Amino acid sequence: MNILVLQGSPNANGSTALLAREFARGARDAGHSVQVVDVASLDIAPCTGCVACGYEGPCAQYDDFDGLRQKILSADMLVFATPLYYYGMTAQLKAVVDRFCSANSSITRKHLKSALLTVAWNADDWTFDALESHYDTLVRYLSLQDCGRVLGAGCGTVSMTKHSGFPEKAYALGQSL
Ligand SMILES: Cc1cc2nc3c(=O)[nH]c(=O)nc-3n(C[C@H](O)[C@H](O)[C@H](O)COP(=O)(O)O)c2cc1C
């Protein structure tokens, strides 16, 4: 399987990136091809809502989404990786999701597999409710096939994350595919 991880933290060496790396290691050990893309380092502007694309067609904005769109459409699985920012995904990852607009039908038709990797400082039982609800709704709307999620509660720093069981859980999820 060709797996694309959309790593949405601006910290290239942070906790989200750590889970993404461990997930990728597990998936590669299981024989899959994995590419992790730090979307925050790309030049991807927010959707302007012009709908020149008609929800399927060339986007009026020319930036790094063009290349990412090709990667998305060649993938069998999309992994959304994000730290929790005000109980949602980061603006950088949301900008990418909003730009799905110009490939909406193509993405939906592919019935891509998907997963969610996330970390947060808090560890209340409701910490990930809003993000999970958003992810579950994307799965439903985009006809994705959810393969699992790692919800890294109490992962406020890289050190906290390294000492949690979540990197192992990310590896196990990748290896289970
Ligand atoms: C702008 C911002 C918003 C955040 N919002 C939340 C939040 O709503 N809930 C939470 O538990 N942690 C929140 N955090 C903490 C991060 O999710 C946490 O530190 C995470 O480990 C950062 O991951 P990273 O190393 O991949 O960047 C926030 C951090 C920042 C910078």
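Since the structure is predicted, the reported quantities are computational estimates derived from the model, not experimental observations. (Residues numbered from 1 in each chain as written. Predicted model: local features only at pLDDT ≥ 70, side-chain atom pairs only at ≥ 80, totals over all residues. Heavy atoms only, no water.)

*Asks:* So what's going on with the nonpolar core? Residues and values would help.
*Replies:* Core analysis: the largest hydrophobic core is formed by 29 residues, its most contacted members being Leu6, Leu68, Phe80 and Phe100. Breaking this core down by element, the ones donating at least two residues are strand 1 (2-7), helix 2 (65-74), strand 3 (77-83), helix 3 (91-99) and helix 5 (129-141). With four residues, the top contributor of residues to this core is helix 5. With sequence-adjacent residues up to four places away left out, Leu68 is seen in contact with Leu4, Leu6, Val37, Val39, Leu42, Ile44 and Val96. By size, the runner-up hydrophobic cluster in this structure holds 19 residues, among which are Val5, Leu19, Ala27 and Val119. (Core = buried A, V, L, I, M, F, W, Y, C linked by side-chain atoms within 4.5 Å. Buried < 20%, exposed > 50% of the residue type's maximum accessible area, 1.4 Å probe, protein only. Helix = DSSP H or I, 4+ residues; strand = E, 2+ residues; numbered from the N terminus. Contact = heavy atoms within 4.5 Å.)

*Asks:* Tell me about the packing of helix 1 (residues 15-29) against helix 7 (residues 166-175), residues and numbers included.
*Replies:* With their axes 6 Å apart at the nearest point, helix 1 and helix 7 run at an angle of 35 degrees to one another. Seen from above, helix 1 lies across helix 7 with right-handed handedness. In this structure, helix 1 uses Leu18, Leu19, Glu22, Phe23, Arg25, Gly26, Ala27 and Asp29 to contact helix 7, whose residues at the interface are Phe166, Pro167, Ala170, Tyr171, Leu173, Gly174 and Gln175. Its residues assigned to classes, the contact of helix 1 with helix 7 comprises nine nonpolar, three polar and three charged. (Axes fitted to C-alpha atoms, helices over the stretch in contact; angles between N-to-C directions. Left-handed = near helix turned anticlockwise from the far one by under 90°. Nonpolar A, V, L, I, M, F, W, Y, C, P; charged D, E, K, R; others polar.)

*Asks:* Please provide a residue-by-residue account of helix 7, values included.
*Replies:* Among the residues making up helix 7, those that are buried are Phe166, Pro167, Ala170, Tyr171, Leu173 and Gly174. Take helix 7 and look down its axis: the buried residues cluster within an arc of 160 degrees, on one side only. In this structure, the buried side of helix 7 is in contact with helix 1, strand 4 (113-119), strand 5 (145-152) and helix 6 (158-162). (Arc of directions from axis to C-beta.)

*Asks:* I'd like a description of the environment of Ala27, backed by residues and values.
*Replies:* Inspection of the secondary structure assignment puts Ala27 in helix 1. Residues Ala27 and Ala170, 143 residues apart in the sequence, show an inter-C-alpha distance of 9.5 Å. Apart from residues lying up to four places away in sequence, Ala27 is in contact with Ile3, His32, Val34, Gly174, Gln175 and Leu177.

*Asks:* Explain the site of the ligand residue by residue, including any values.
*Replies:* Among the 16 residues in the neighbourhood of the ligand, the closest are listed as Ser9, Asn11, Thr16, Leu84 and Cys155. At 3.1 Å from an oxygen atom of the ligand is found a main-chain nitrogen or oxygen belonging to Tyr87. Contact between the ligand and Cys155: an oxygen atom at 2.6 Å from a main-chain N or O atom of the residue. Protein chains shield 77% of the accessible area of the ligand, which is 640 Å² for the free molecule. Along the lines of polarity and charge, the residues of the shell around the ligand split into nine nonpolar, seven polar and no charged. (Near = heavy atom within 4 Å. Polar contact = N/O pair within 3.5 Å; in protein donor to acceptor, adjacent residues only side chain to side chain. Areas by Shrake-Rupley, 256 points an atom, 1.4 Å probe, with all protein chains shown as cover.)

By themselves, these observations are geometric and do not establish any function.
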